[in-house]
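For reference, the chains in residue letters:
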Amino acid sequence: MTCIVNVKGLTKSYKNQSVLKGLSWEIEPGDVVGLLGKNGAGKSTLLKSLLNISDIDSGEISIFGEQYNQLSSKNKARIGYVPQENDEISWLSVNDLINFRKQFYSTWSDEKVTELISRWEIDATKKIAELSPGQVQRVLIILALAPMPELLIFDEPAASLDPAGRRDFLKEILTLVSDENITVIFSTHITSDLERIANKVAILDKGKICYFNDLDITKESVVQLTVHCKKEQGITIPYLLRGKLHSQGQYGVVSQLDQAWLAEMKEQAVEVTINPMGLEDIFLELTA
Amino acid sequence: MEQFIISPSSGIPIYKQLYSQIERMVLNGYFSVDQRLPSVRQVASDLDVNPMTVSKAYGLLEERGYLTRLRGKGMVVTARDDEVLQQEKLTMLDEMIKELLAQAKQMGISDDKVVQMINRNVANKQDETVGKE
Amino acid sequence: MANILLRGWWAKIFIILLWLVAIAMRFTEHDDAREDLLFSIIAFSNFLLYLIVSMHLPLLTHSKMAVLLPNFSQQLKQVLLVVFGVSLLPTLLVLPDVVTWLAFISISIIAILIFVAMIYQPIYQIFFWLVILMPLPMALFDISLNKEKLFTTLAWLLPLISWLAYVLLNKLVNYRGNHKHISKIIATMNVSMGNTLSIQDSIPFANRTKLAQWWGNSHFNYYRKLINDATNSSQKLSNRKLIEISCQSANSFGVNAYVIWSVGITLLCMLALVIDESYHHLFTPMVTLIPALIIGTGSITLFQIIQCKKSYLARLAILPRFKQHNSFARAFLGYVFYNQAILYCFIAMLLAVTAKIFGHINVTVYLNSVLILLVYCLVTISMMLLTWRAAQNYGNPVVWLMIIGFIGTIVFTTHMATSGMVLLVYNGIFQWILIASLLLLSFSVFRQLTDK
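Residues numbered from 1 in each chain as written. Chains lettered and ligands numbered in written order. Predicted model: local features only at pLDDT ≥ 70, side-chain atom pairs only at ≥ 80, totals over all residues. Heavy atoms only, no water.

1. Focus on the domain arrangement of chain B
Residue and element names in this part refer to chain B.
Part 1 of the argument: Each assigned domain of chain B is listed with its residue range as follows: domain 1 (14-77) and domain 2 (83-131).
Part 2 of the argument: A straight line from the C-alpha centre of domain 1 to that of domain 2 covers 28 Å.
Part 3 of the argument: The partner domain 2 presents 4 residues to the 5 residues of domain 1 that form the contact.
Part 4 of the argument: Across the interface of domain 1 and domain 2, roughly 450 Å² is buried in total on both sides, 69% from carbon and sulfur atoms.
Part 5 of the argument: Applying the counting criterion to the domain 1 and domain 2 interface returns 0 salt bridges.
Part 6 of the argument: For the pair domain 1 and domain 2, the number of links is 1 residue pair in polar contact (both at pLDDT 80 or more).
Part 7 of the argument: Residues belonging to the side of domain 1 that touches domain 2 are distributed by class as follows: 2 nonpolar, no polar and 3 charged. (Domains from an automatic or database assignment. Contact = heavy atoms within 4.5 Å. Buried area = accessible area lost by both parts, 1.4 Å probe. Salt bridge = Lys/Arg side-chain N within 4 Å of Asp/Glu carboxyl O. Polar contact = N/O pair within 3.5 Å; in protein donor to acceptor, adjacent residues only side chain to side chain. Nonpolar A, V, L, I, M, F, W, Y, C, P; charged D, E, K, R; others polar.)

Following this line, the structure appears as structure tokens:
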């Protein structure tokens, strides 16, 4: 299968601080990828680099099989992007901004715009500067969705939305995902959003995608284990991220559940309790 | 139509949560034989989860014989003989008892004690039904 | 896109008015002397248009989405070419012959190139000064200027110039560089005309140019010294001084501005005394432009500063020292009058000195100019006070009104200088205008003092 986004050896540094260190990443069509990372891990930088909005130091990026900085107009029209900070011209009215953007796309859907504007109760005659941050974010989302893109990239899309707005935004993305075969990449630090809509989770840490896997597999394999054993038995847990010994046995978090090891434990009559963890805990464990 | 309840932030994958809920609902007769289940889209939009998750749960239920995919109709509850159904129910109960015993052990309660407690509960229940009559 | 590039109704109306005036003059007057004036009007209005467009360009080229919008570069190029084409239409009607017209296009393109270069790379602002200082080398090296020859050359050069412009245009629509500088321009263009100054004050100190840092520091040092002196001695700062200190911005027309202009003018005058008198007329544009620049920056910056310090001044007004009735209003009026009075005295002096040395205006014209400036001064102060009192923010239109009124004043003054009018004080209409502006000022002062 051809990848929609293919990144190889991406490096980027600001002044003397390197942000991305030889990052590689592949995204397949139809994926809904949640990108997690601590503050300052470089999530925005990564997403902006993909779209040639910020320059990179080295590396290869291809989008729809084309080099990222030489995208044809046809492929540009297939991308929707919602930036983290709004840099739209503040004195334009929402209507003006919509008309400005519309002229670039042949696939622009007026119905979508009208529907979302009325659903999200945006006064389109107001200027961008007069809107609240949440409303601006909604406008940016509308602008990204209106050309009916096939690849949607959101940089912290829900950061300034209230819970209801966030849920509604998720619903909209879900409708798109189920209707069309679109690919979504979104960075966030709200893990509950990711858990609902993403099917894959990527974690950006120390300049690399340190973890990229199916969300369900992640939840099934990154787990807490309690091994009821004596110290003398000298059992070592495979793929241990962090562990602790105490009188009752061993406690630990693993990045992968080793079935062979589990079977072995069963043979030795060592009881192992598996406790699943929420994504937030998984994220904290993996980036600790 | 909020039939299912999920908790996305729990450590159990959403498809698994859905799977076990529907499994239980089929076994306890909430969904009767040949009854149509809500569509993948419907469930996904009700619960605000990725449709792929829902179809994964449905797929697994189909694989295990609970559901049958009918062309143009979606998923319906499979008609199975009582014997098989009975067996499934017993397996499920078995799992629950295992879980119960494990919990008891963690609290330092012996298996015998658990059996005793079950017997007492059964006796109490019989008394109640007798009393009512 | 065109509506983003051509933003601002005031500016658009002004440009169209100028075009209409030019066209009207073309069809009513058939005087040879008018040709030059017509050419100046059309050049001024078109240059203003080009300047507006080039100032707004970074909003498009340097927006984040620019790389992502399909066909962005081509569409931008198209729009720019259309705007340029439309701007040439009135010139077709106004300019007398083909050579002048072709030369005008050449000049326009060169002007556009300079404007855009100035916006995108501040280093090219040197071009602006080169154009102003043009008379100097011409005077020193005795280059005589033949207008017809120059125009013919420019007309013949048009293919070359337009080819160059087209190459640069292709570069421009894809240009993404010099982010740090452009982001400042974008910040300025993102607010309305009334706030351009306050946005510049919000640029972090470290991001400013070395010159701007030095300028701001030396400006504020004076006021720091004032405050320190007041704290060290028992004498308190007067209310007026206190307001003056609160109304400072890095762009204020302050002490160092006066010093620098004085030094500049002195140098210019010294130069004029050294070189032959026959070249003095070459300095006329410069010595006319300098007072104009000073008034423009001096009065408009004051307006913008008091406008954007409104809330700060309101907090100042509740200090115990202003508890006496009207004491704040009086101190504020004192500050505005004091500031503007010094500015206009400086201009009057400057005009007197340059008039004496360059002899480009005689006593009557000088007195007339001073009177006209006085009226302008009275009107702008009234506007400042009235806008300050107004509940709504009229900052944007007022700044445009001030600019337009100011340009009108300059045009009128030059016209008067060339037509050799009698002393204005004896002119009935002018007397009425003077009285009216005095009344307007009294009204605004009255409102300032009575309103709470």
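2. Some words on the interface of chain A and chain C
Part 1 of the argument: Of the residues lining the interface, 22 residues belong to chain A; the matching set on chain C comes to 21 residues.
Part 2 of the argument: Run the count over chain A and chain C and you get 1 salt bridge.
Part 3 of the argument: Its salt-bridge partner being K64(C), residue E85(A) comes within 3.0 Å of it at the nearest N-O pair.
Part 4 of the argument: Put simply, chain A and chain C have 5 residue pairs in polar contact (both at pLDDT 80 or more) between them.
Part 5 of the argument: For the side of chain A that touches chain C, a count of residues per class yields 12 nonpolar, 4 polar and 6 charged.

3. Thoughts on the sheet that holds strand β2 (residues 17-27) of chain A
Residues and elements named next belong to chain A.
Part 1 of the argument: If you trace the 4 strands from one edge of the open sheet to the other, you get β2-β1-β4-β5, paired in antiparallel fashion. Two strands bound the open sheet, and with one partner strand each, they are β2 and β5 (66-67).
Part 2 of the argument: In this sheet, β5 lies alongside strand β4 (residues 58-63) in antiparallel orientation, the contact comprising 2 bridges. Bridging across to β5, S62 finds its partner in Q67. (Pairing = 2+ DSSP bridges. Helix = DSSP H or I, 4+ residues; strand = E, 2+ residues; numbered from the N terminus.)

4. Some words on unusual backbone geometry
Residue and element names in this part refer to chain A.
Part 1 of the argument: Within the chain, N52 stands out as a residue other than glycine whose phi angle is a positive 65°.
Part 2 of the argument: Position of N52 relative to the elements: it lies in the loop between α1 (43-50) and β4.
Part 3 of the argument: The backbone phi angle of K206 is positive, close to 50°, even though this residue is not glycine.
Part 4 of the argument: You can see K206 is positioned in the loop between β9 (200-205) and β10 (208-214).

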